[in-house]
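Overview (structure and organization)
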Amino acid sequence: MTGRTNAVVIGAGFAGLKAATDLVARGKSVVVVEARERVGGRVEAGELCGQVIDRGAQWIGPGHDMLLAEARRFGMETYLQYAQGKTILSLDGRKTEFKGNIPKMGLVSLIELAMLQSRWNKEMKTLPRGAPWNAPKAKEWDSQTLASWARKNLSTKTTRAFAGLVPKGAYGAEASGVSYLWMIEMLRSNGGLDYLMNVEGGAVDAKFKGGAHQIARRLAEELGDRIVLSAPARAVIQDESGVVVVTDKGRFEADDVIVALPPALCQRIDFGTGISAKRVALQQRMPQGAAIKVHAAYKEPFWRRKGYSGQIATNDRTLGITMEDTQENAAPLLIGFIEGAKAYEFSAMGANERRAKVIDCLADMFGPEANDVIGYAEKDWLADEWAQGYVGVMPPGLLTAFGEALRDPCGRIHWAGSETAEHWYGYMEGALMSGKRAAEEVISRSGA
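In short, a report on the structure. Predicted, not measured: the structure shown is a model, and the values here were computed from it. (Residues numbered from 1 in each chain as written. Predicted model: local features only at pLDDT ≥ 70, side-chain atom pairs only at ≥ 80, totals over all residues. Heavy atoms only, no water.)

What characterises a pair of aromatic rings is the spacing of the ring centres plus the angle enclosed by the ring planes. Counting across every chain of the model gives 14 aromatic pairs. Judged by centre distance (6.2 Å) and plane angle (45 degrees), the rings of Trp59 and Phe337 are tilted. Here the residue Trp59 occupies a position in strand E5 (residues 59-60), and Phe337 occupies one in strand E17 (residues 333-339), the gap between them amounting to 278 residues. Pairing Tyr195 with Trp424 gives two aromatic rings, centres 5.0 Å apart and planes at 45 degrees, and the pair type is tilted. Residue Tyr195 is located in helix H8 (residues 193-197), and its partner Trp424 is located in the loop between strand E19 (413-416) and helix H16 (428-446); the two are separated by 229 residues in the primary sequence. Residue class for Tyr195 comes out buried when judged on its relative accessible area of 9%. What makes Trp424 buried here is its relative accessible area of 6%. Through successive ring pairs, a cluster of aromatic residues spans Trp120, Trp141, Trp149 and Tyr180. Over the ring of Tyr308 we find Lys86; its NZ or CZ atom is 4.6 Å from the centre of that ring. (Phe/Tyr/Trp six-rings, centres within 6.5 Å; stacked < 30°, edge-to-face > 60°. Helix = DSSP H or I, 4+ residues; strand = E, 2+ residues; numbered from the N terminus. Buried < 20%, exposed > 50% of the residue type's maximum accessible area, 1.4 Å probe, protein only. Lys NZ or Arg CZ within 6 Å of the ring centre and 35° of its normal.)

Pasting the structure below:
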């Protein structure tokens, strides 16, 4: 056992690193224990064709002020997501192409889509920030999935399919598996449908030169030997005098602990009787969305020559979302995501079979030039032992029954992570905000 500290932080992702950084800035002693051999959590660096790639989270959008401030502090620059040219949309076997933000579909479907967006904008305003379970229609909305709601309220097959792209593209979740209330809360948390679906001025507006992982690395450098890697937390023992965190690298004693992990992964830690029954129930019932991220490198961005932006959105192909990721003086890249139920199917395949199907999908969409890859990389987040998926999602009934346990401290145990953010849920910004909140809880409880 090391000497006692003011706080132990479990998890060296963006949330945990931010919490530790803020505590140190306030004069608190901190130890961060991380299961992986690296920092960053679901933000991870990789390499393809001699350039750094982001194997996990990478985009920044307007309003991500805390993330941008950290990047500026470290001298990092951003560059805009390429969005010029045609987008390909494929829904239920029908492939169309369009420019701008309005998809090409039948007039009735377009009218219904506009009405849907207006309805969602109104409904998300009825949710109290931080307490969506108190909304007037919370129980009604939480009793159904997005898919069942769409069947009752949307008349066209195309609009229903488009609605299903939202949780799948943003969180790796099927419309049949998420609560309608949770989906409306995600829209509220992340600025509405326009913000989630659009490139320019939206959630995928820009990226970091050199990769988003640099922020985690630089935060970790500042924390220095306060971080202990390859130290998965196995148990948290809490009593009136403090906490003990048991890890593979020893026992760490502190006044408080911040658990900066997705709720599903918290299930792997033995808290004994130290957490509430609602918190246990939440962790048992809140799965991770499913996603596999792929990168394909080419000698030239041939899609631009053919008038495409590199963007694809589908519900019927191998890749659900595809975008360009070309940095200056580097090989042109296409990024793709295999999401939801299809991610589970592809995770069970061999790597060669999976690669072949991804390239076939790109060739089907962009033409035979897509077969001429010069490099390929993938990250199966389902197979990552310390992630087991993408972003935590909520099935029907969970938010109204146990949602308040997401953030409520259990004595000296505090919760962080992007899933606990009241704003920017599922994004790097939300992770940083949650870390700041958890640090403030610890400081407030200590009276300092």
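For the rest of this paragraph, the subject is unusual backbone geometry. The phi dihedral of Cys49 falls on the positive side, at around 55 degrees, and the residue is not glycine. With respect to the helices and strands, the residue Cys49 is situated in the loop between strand E3 (45-48) and strand E4 (51-54). Classification of Cys49 as partly exposed rests on a relative accessible area of 40%. Positive phi outside glycine occurs at Gln388, with the angle close to 55 degrees. What makes Gln388 partly exposed here is its relative accessible area of 37%.

In this section: the environment of Ala290. With respect to the element layout, Ala290 can be found in the loop between helix H11 (277-285) and strand E14 (291-297). On the accessibility criterion, Ala290 (1% relative accessible area) is buried. Each C-alpha atom, one on Ala290 and one on Lys209, is 27 Å from the other, the two residues being 81 residues apart in sequence. If sequence neighbours within four positions are ignored, Ala290 has contacts with Tyr171, Gly172, Ile338, Glu339, Gly340, Ala343, Tyr344, Leu382 and Tyr390. (Contact = heavy atoms within 4.5 Å.)

Strand order across the open sheet formed by three strands is E5-E9-E6, with antiparallel pairing between neighbours. Of all the strands in the sheet, just E5 and strand E6 (78-80) have a single pairing partner and so form its edges. Note: E5 against strand E9 (residues 206-208), two bridges, orientation antiparallel. Within the sheet, the bridge partner assigned to Ile60 lies in E9 and is Ala206. (Pairing = 2+ DSSP bridges.)

Here helix H14 (residues 351-366) spans 22 Å end to end across 16 residues, near enough to the 22 Å set by a 1.5 Å rise per residue. A positive backbone phi angle near 110 degrees is found at Gly367, which sits one or two residues after H14. (Expected span 1.5 Å × (residues − 1).)

What is shown is where atoms sit, not what they do.
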